[in-house]
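One-letter residues, chain by chain:
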Amino acid sequence: MYVAVKGGEKAIDNAHDWLAEERRGAPDVAELSVAQIREQLALAVNRVMTEGSLYDPDLAALAIKQARGDLIEAIFLIRAYRTTLPRFGYSVPVETGEMACDRRISATFKDVPGGQVLGPTFDYTHRLLDFALEAEGLERSAPEAAEAEAHPVMPRVTEFLNKEGLIQHEPRPAVESVPGDLTREPLQLPADRALRLQALSRGDEGFVLSMAYSTQRGYAKNHPFVGELRIGSVAVEMEIPELGFAVEMGEVVLTECETVNQFTGSRTEPPQFTRGYGLTFGQTERKAISMALVDRAMRWQELGEDDKGAPAQDEEFVLYHCDNIQATGFLEHIKLPHYVDFQSELELVRRLRREAEASGQAARQEAAE
Amino acid sequence: MAMAADALTGGFTDAPRQSARAFRAALEAMARPGSVHPLTDLAQAPDPVSPAAATLLLVLCDPETPVFLAGAHDCAAVRDWITFHTGAPLAPAAEATFALGPWQALMPLSAYAPGTPEYPDRSATLIVDGDFAGQPVTLSGPGIETTTHAVLPDIAALQANAAGFPLGLDFYFTSGAELMALPRSTRIASAEES
Amino acid sequence: MRDELSRSGKGQAMEEYNFAYLDEQTKRMIRRALLKGMAVPGYQVPFASREMPMPYGWGTGGVQVSAAVMVPEDCFKVIDQGADDTTNAVSIRRFFERTAGVAVTERTGEATVIQTRHRIPEQPLEEGQILVYQVPIPEPLRFLEPSEVETRKMHALEEYGLMHVKLYEDIARHGEISTSYAYPVKVEGRYVMDPSPIPKFDNPKLRMAAIQLFGAGREQRIYALPPWCEVVSLDFEDYPFQASRADHDCDLCGAEGSYLDEVITDDAGGRMFVCSDTDFCAGRRDAGHLGRLGATEDVA
């Protein structure tokens, strides 16, 4: 009769077996391959890489398969794997100005040197279910690529404003300091901008999106324009101390967003345009744009702006709550047994009620007398 | 050449397990101030570093922990050994996470970081290696049920360190294959007083 | 074969991962934090908590601390709510069987390292044992002041007025302090500390012969209590701290002074009270102690 939560070991084994069965789904439907996920669910793969902080499309695809498509679970798998990897060093900053762009748009100029390149985007598609996709095996014709000039030089749009002195100058630090690493050092506040950007880049897409949206709706409004959004591949190089020069380690696809924000000046800064910045793995532009808006909102102190008490301005609030692996773990842990604490609450409430009842009765008696 | 060979030897053969055992002894020591703990899994550094001190260095130091060497311990052979086995950068006393040397050479205690009121953990740990001219003391405080006896160098300096709690330095005293710890939380009285 | 060996605890650990899972550099970082925690009892040392293969909030802090202190010769016990066979306890125990190859036990007296969630075992712990707590929110002031920047300042200045105001308001409203678990304590007269969500029944046991280590993974904090450390539950002179206790004996083993779980046995209001510490209860029954229902119950 007395069972409570007993037989834990067997229960866990059975649950895992069942999970494996459910993951596979109906056996008469062909099993998904990791390569299929990598190639055909690439945007999910990109999100898992970005928030998992690990650039490996194959592992991200595997994680998505193992997680049954639950992307936060997949990010968790990638993070747990990543943490076991030794850290050999850090790359030199990637030169996104030399990115081989697949997509590059600016909302602040009609045309820019290098041109506007729409690339593979959902923008301007009509969101109508395409039932042709349901019929498998239909080969689509490849788009006619403008092969002539595959990857023209595309200078950064914000540089045009910078040359005129119209946008906040971001000087390179005189001494290149070793970049902080949130995964190796505990977060301490106030965090510098590099650490904030790191946290936002790893942060949950939904959370960062909502924070960004809140700034658009007036909570620390900062009037952003997409100065430039570019997606493409860049070389990753690392300094090898023994060699004395940087060596190319490989290429990664990145999304970079620079926003140009209105700014009327403050006590310390003249009127000028200001910047927000977003950088993420793969094609993840919703995230990169959101990140840029939140980055800009958190720069209020540096620009001498007022603290409007908006959530997106509150670095501690944003940084401590943007990580979906921390959030989901803590949220879901309330499924674990808490009966010991509940028991002590139960006894307390019973006692307080008894006492309240007793004093109530006494009061009634007094009143009756 | 002999120096270079020294620098490359004396590490652990099975680091995960050996450093686990050594750390456990170091933890027990820090948890029970004044008690002496023998180490079973020993590293061997060049003279004059004791095996116990060499073991502590391997267990606790890495590229994230600047190390200060004092007195005879500050020699090329020891520096090379630490660099090769731990990757710890050598640093002046004020920046050191760990300091190693004989008591007299490590002085004064004011040279080391005692932590900050918000982060008292950002303080140096001193590994006092080898014999010293000591005085009997009675210790009490966290880790000690009532009182315990020990022999310590320069009671006044250590009492001043303890008086700064929660800021302050923490100490390991190493000799041969044994170690003893003295955290800043321990209250020290000279044996005559008590 | 490998699997069988590791289940017995005497075999080798999974070879794909380092001993006790964490890499050596991570262990060194945690070990340094543990030593500083030991030197400043009750103070929360920040540490770079790693992403573990179990979720945050499910004991990642405790697991990292256990991994950092564990030696191959250890005998490991895990309890959740006082019980060895609750699902999360089983999961964590298995993790170390697999990754460290250590022996495991359900007996408090045999264990050298005990990882716990929400309880301190009834049997007094001894020198040589280590109790590792899983901590969800290490900051005792957090629910009074949400900002970490502010609470860190309060600890630095030893400014604990806010906590006393909260406890006093409790008394004003309810006639007693209405915190029944995670009851704050003051350590060695200096730091106010959260003893993790143990029932306040367990608070008096916090001064003990064993080493106590607290790990909060998500919040990236480690803190510690050396043996025999002075730990005082916060109270007022006219409202002294009282450890809670149910008005029952254990229905299985008849124990009078243990912490009890209330188990609902049917839908007609039937219930029984049993020790939350399953090893303590089983040990007493083995020794011949019987409670009200002990003789008749089939205790699986």
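Residues numbered from 1 in each chain as written. Chains lettered and ligands numbered in written order. Predicted model: local features only at pLDDT ≥ 70, side-chain atom pairs only at ≥ 80, totals over all residues. Heavy atoms only, no water.

## Remarks on the confidence of the model for chain C
All names here are of chain C. When pLDDT is averaged across chain C, the result is 90; 93% of the residues are at 70 or more. Confidence drops under pLDDT 50 across residues 1-11; counting only partners more than four residues distant or on other chains, this segment forms 20 contacts. Taken over the whole predicted complex, pTM reads 0.87, whereas the ipTM for its chain interfaces reads 0.96. (pLDDT = per-residue confidence, 0-100. Contact = heavy atoms within 4.5 Å.)

## Let's talk about the environment of B:Met180
Turning to its location among the elements, B:Met180 is positioned in strand S8 (residues 178-182). Ignoring any residue separated from it by four or fewer positions in sequence, one finds B:Met180 in contact with B:Gly34, B:Ser35, B:Val36, B:Ala150, B:Val151, B:Leu152, B:Phe171, B:Tyr172 and B:Phe173. (Helix = DSSP H or I, 4+ residues; strand = E, 2+ residues; numbered from the N terminus.)

## As for the packing of aromatic side chains
Residues and elements named next belong to chain B. Under the definition given, this model contains 15 aromatic pairs over all chains. Summarising the aromatic geometry, the rings of phenylalanine 171 and phenylalanine 173 are spaced 6.1 Å apart at their centres and angled 20° between planes, so their arrangement reads as stacked. Here phenylalanine 171 falls in the buried class, since its relative accessible area comes to 0%. On the accessibility criterion, phenylalanine 173 (6% relative accessible area) is buried. In this structure an aromatic cluster arises from ring pairing among Trp103, Phe132, Phe171 and Phe173. (Phe/Tyr/Trp six-rings, centres within 6.5 Å; stacked < 30°, edge-to-face > 60°. Buried < 20%, exposed > 50% of the residue type's maximum accessible area, 1.4 Å probe, protein only.)

## Thoughts on the interface of chain C and chain A
You'll often see interface size given as the accessible area lost when the parts meet. Between chain C and chain A, the residue contacts involve 68 residues of the former and 48 residues of the latter. Contact between chain C and chain A buries roughly 4900 Å² in total, counting both sides, with carbon and sulfur atoms accounting for 54%. Here chain C is connected to chain A by 5 salt bridges. A salt bridge links C:Glu51 to A:Arg79, with the nearest nitrogen and oxygen atoms 2.5 Å apart. At the boundary of chain C with chain A, the tally comes to 23 residue pairs in polar contact (both at pLDDT 80 or more). Elements that contribute at least two residues to the side of chain C that touches chain A include exactly helix H4 (87-100), helix H5 (148-157), strand S11 (260-264) and strand S12 (271-275) of chain C. (Buried area = accessible area lost by both parts, 1.4 Å probe. Salt bridge = Lys/Arg side-chain N within 4 Å of Asp/Glu carboxyl O. Polar contact = N/O pair within 3.5 Å; in protein donor to acceptor, adjacent residues only side chain to side chain.)

## Let's talk about the sheet that holds strand S10 (residues 231-233) of chain C
All names here are of chain C. Judged by pairing direction, the sheet is antiparallel, and its 3 strands sit side by side in the order S7-S6-S10 without closing on themselves. What marks the edges here is a single partner per strand, and that holds for strand S7 (191-193) and S10. The mean angle between the axes of side-by-side strands here comes to 35°, regardless of whether they run parallel or antiparallel. Two elements, strand S6 (residues 185-187) and S10, share 3 bridges in a ladder whose sense is antiparallel. When the bridges of S10 are listed, valine 185 appears paired with serine 233. (Pairing = 2+ DSSP bridges. Axes fitted to C-alpha atoms, helices over the stretch in contact; angles between N-to-C directions.)

## Re the nonpolar core
The biggest cluster of nonpolar side chains holds 89 residues, and the ones touching the most others in it are B:Leu27, B:Tyr172, C:Leu34, C:Phe96 and C:Leu213. For this core, the element with the most residues is helix H2 (residues 15-31) of chain B, which contributes 9 residues. Sequence-distant contacts of C:Leu34, that is, excluding residues within four places in its chain, are made with B:Phe23, B:Leu27, C:Val65, C:Ala68, C:Val69, C:Leu213 and C:Ile222. Core analysis: the second largest hydrophobic core is formed by 26 residues, B:Val128, B:Ile155, B:Phe171 and B:Leu182 among them. (Core = buried A, V, L, I, M, F, W, Y, C linked by side-chain atoms within 4.5 Å.)

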